[in-house]
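If you want the building blocks of each chain, they are given just below.
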Amino acid sequence: MSSVTYESVTKKFGDVVAVSDLNIEIPDKEFLVFVGPSGCGKSTSLRMLAGLEEISEGNIYIGDRMVNDVPPKDRDIAMVFQSYALYPHMSVYDNMSFGLRLRKTPKDEIERRVQQAAKELGIENLLDRKPKALSGGQRQRVAVGRAIVREPAVFLMDEPLSNLDAKLRVEARAMIQRLHHRLETTFIYVTHDQTEAMTMGSRIAVLKDGILQQIDTPQILYDYPANIFVAGFIGSPSMNFFDATLTQEDGELYIDTGAFRVKATEEKKQQWSGASSSRVVLGVRPEDIHDPNYAPPGIAAAHVEAMVDVTELMGNEVFIYFKSGNLEYTARVDPRTDAHVGNTMHPVMNVDNMHLFDADTEQAIR
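Notes on the structure in this doc start here. (Residues numbered from 1 in each chain as written. Predicted model: local features only at pLDDT ≥ 70, side-chain atom pairs only at ≥ 80, totals over all residues. Heavy atoms only, no water.)

Glancing now at the overall build of the protein chain. A count of helical and extended segments in the protein chain gives 9 helices and 22 strands. For the protein chain, with 366 residues in total, the buried portion stands at 49%. Put simply, of all contacts in the protein chain between residues at least 6 apart along the chain, 66% involve residues at least 24 apart. Carbon together with sulfur atoms contributes 46% to the accessible area of the protein chain, which is approximately 17,200 Å² in total. Each charge sign in the protein chain was given a centre, from 39 positive and 52 negative side chains, and these centres are 10 Å apart. (Helix = DSSP H or I, 4+ residues; strand = E, 2+ residues; numbered from the N terminus. Buried < 20%, exposed > 50% of the residue type's maximum accessible area, 1.4 Å probe, protein only. Contact = heavy atoms within 4.5 Å. Areas by Shrake-Rupley, 256 points an atom, 1.4 Å probe, with all protein chains shown as cover. Lys, Arg positive; Asp, Glu negative; His and termini not counted. Charge placed at Lys NZ, Arg CZ, Asp CG, Glu CD.)

Going through the model one piece at a time under the given rule, you end up with 20 salt bridges. Residue Arg-112 pairs with Glu-109 through a salt bridge whose shortest N-O separation is 2.7 Å. Of this pair, Arg-112 and Glu-109 both sit in helix α3 (residues 107-121), separated by 3 residues, roughly a single helical turn. Taking the relative accessible area as the measure of exposure, Arg-112 reaches 39% and is therefore partly exposed. We note a salt bridge from Lys-263 to Glu-252, for which the minimum N-O separation is 4.0 Å. On the criterion of sequence distance, the pair formed by Lys-263 in strand β13 (residues 261-263) and Glu-252 in strand β12 (residues 252-256) is long-range, its members being 11 residues apart. (Salt bridge = Lys/Arg side-chain N within 4 Å of Asp/Glu carboxyl O.)

What follows covers the sheet that holds strand β19 (residues 327-333). What the 4 strands build is an open sheet, ordered β19-β18-β17-β20; its pairing is antiparallel. At either margin of the open sheet sits one strand with a lone partner, and together these are β19 and β20 (344-345). Looking at chain direction, strand β18 (residues 318-324) and β19 are connected through 7 bridges and run antiparallel. Opposite Val-318, over in β19, you have Val-333 as the bridge partner. (Pairing = 2+ DSSP bridges.)

Looking now at the packing of helix α4 (residues 136-148) against helix α5 (residues 166-183). Two elements in contact, α4 and α5, have axes whose closest approach is 11 Å; the angle formed by their N-to-C orientations is 15°. Between α4 and α5, the interaxial angle falls into the category roughly parallel. Here α4 and α5 pass one another in a crossing that is right-handed. Contacts between α4 and α5 pair Gly-137, Gln-140, Arg-141, Val-144 and Ile-148 from the former with Leu-168, Ala-172, Met-175, Ile-176, Leu-179, Arg-182 and Leu-183 from the latter. Grouping the constituent residues of the contact of α4 with α5 by class yields 8 nonpolar, 2 polar and 2 charged. (Axes fitted to C-alpha atoms, helices over the stretch in contact; angles between N-to-C directions. Parallel < 35°, antiparallel > 145°, perpendicular 65-115°, else oblique. Left-handed = near helix turned anticlockwise from the far one by under 90°. Nonpolar A, V, L, I, M, F, W, Y, C, P; charged D, E, K, R; others polar.)

Ranked by size, the top nonpolar core spans 46 residues in total, and within it Met-96, Ile-176, Tyr-189 and Val-206 carry the most contacts. With residues up to four places along the chain from it excluded, the contact list for Tyr-189 reads Phe-31, Leu-32, Val-33, Phe-34, Met-157, Pro-160, Leu-161, Ile-176, Glu-196 and Met-200. Formed by 33 residues, the second largest nonpolar core is a distinct cluster that contains Ala-300, Val-318, Ala-331 and Ile-365. (Core = buried A, V, L, I, M, F, W, Y, C linked by side-chain atoms within 4.5 Å.)

What follows covers the packing of aromatic side chains. With the rule as written, the count across this model stands at 11 aromatic pairs. Measuring from ring centre to ring centre gives 5.3 Å for Phe-242 and Phe-260, while their planes differ by 80°; the resulting arrangement is edge-to-face. Residue Phe-242 is found in strand β11 (residues 240-249), and its partner Phe-260 is found in the loop between β12 and β13; the two are separated by 18 residues along the sequence. Overall, Phe-242 belongs to the buried group, its relative accessible area being 1%. Overall, the relative accessible area of 7% leaves Phe-260 in the buried class. Through a chain of ring-to-ring contacts, three or more aromatic side chains come together here, namely Phe-31, Phe-155, Phe-187 and Tyr-189. It is Lys-11 that lies over the ring of Phe-13; its NZ or CZ is 4.8 Å from the centre. Above the plane of the ring of Tyr-254 lies Arg-261, whose end atom (NZ or CZ) is 4.0 Å from the centre. (Phe/Tyr/Trp six-rings, centres within 6.5 Å; stacked < 30°, edge-to-face > 60°. Lys NZ or Arg CZ within 6 Å of the ring centre and 35° of its normal.)

Turning to the sheet that holds β11, a few remarks are in order. Here we have 5 strands laid out as an open sheet, ordered β13-β12-β11-β14-β22, and antiparallel in their pairing. The outermost strands of the open sheet, each flanked by one partner alone, are β13 and β22 (355-358). Geometrically, the sheet is characterised by an average inter-axis angle of 35° between neighbouring strands, direction not taken into account. Of the strand pairs in this sheet, β11 and β12 are connected by 5 bridges, and their pairing is antiparallel. Paired with Glu-249 across the two strands is Glu-252, which belongs to β12.

What follows concerns the side chain of Asp-288. Looking at the element boundaries, Asp-288 is found in the loop between β14 (279-284) and β15 (289-290). In this structure, Asp-288 is in contact with Val-348, Met-349, Asn-350 and Asn-353, ignoring residues within four places of it in sequence.

Below, the discussion takes up the pairing of β11. Summarising the sheet, β11 and β14 pair through 6 bridges and their orientation is antiparallel. By the bridge assignment, Ala-244 is partnered in β14 with Val-280.

Written as structure tokens, this is what we have:
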């Protein structure tokens with residue numbers, strides 16, 4: 001078993017609480033991603049699991065074994081760092097085999113594991129080179145290969161793709177996912193990039209200021225964010241937020257932003273009627289704001305008057321930055337749009353996919 005459990009884990013650096021009361025159960029073979037902004041505690045959570053940081057409070061288990069006081073070398077984990085941490089004077093082969101040699105692994109077993117890992121990663125022709133003769137993408141593959149040959153119970157990856165360019169990051173994401181499917185081992189991955197988290201993780205743990213905000217599958221986080229922070233962090237471009245007021249007229253429920261007013265559908269009215277205050281925050285994703293000429297059929301449409309401030313052609317879509325009164329927001333629309341800067345449009349918002357948050361607690365109203 002290579003499950004991992006964080007049980008009320010806290011980490012303090014003096015008076016600073018880096019991780020607070022973290023409780024997560026990670027089943028065997030899962031790919032869990034810790035995501036959040038810099039300083040949120042995601043790398044610290046990983047380093048405590050690896051044994052590189054002491055735990056201030058709580059317990060960490062790998063399988064059924066509590067590892068609080070177990071040295072890193074005895075935890076049966078392998079870690080890939082952001083910096084790759086390759087030995088510059090060693091060849092690729094020696095870098096990948098170094099940990100096995102320290103463990104007195106037989107030479108023929110070392111040869112088998114290194115050759116197999118090199119073939120999987122497409123670096124079998126690089127085994128004689130030194131790290132300085134490799135590109136960033138090749139160094140990253142060597143660092144992953146060094147972890148693979150260990151055949152650990154748990155793989156830990158701390159922002160391993162941060163130093164790669166955009167094209168290489170896409171390739172490396174696919175490579176790591178293929179490795180996870182083949183190795184069928186628990187992967188725990190740290191990143192600040194929500195795109196990496198959404199595309200790679202079977203579950204995502206969103207952290208802020210050392211506190212776990214929400215943990216669930218990528219689709220659940222996208223569709224049902226627990227609070228404003230999760231809603232804004234998951235999704236690209238980020239969700240639009242509008243300070244608003246809930247009002248009732250003639251049995252209907254309206255969300256009034258000052259610049260525009262949206263009538264709630266019957267389903268949303270039931271969902272939002274439990275709001276404890278009339279002060280709310282309306283959340284609308286850019287992909288739920290459409291050019292009126294290309295709005296999907298069958299949606300609950302709210303028409304808004306807006307001025308086109310900026311357009312960005314992305315090829316398969318266009319980002320439009322709108323202004324309505326004193327509000328600014330982003331739409332992700334069909335590339336056939338004829339939007340031009342300075343023109344007035346009546347974009348269509350999909351009420352079915354709108355989110356509402358309490359203005360005081362910032363928690364989702366459901």
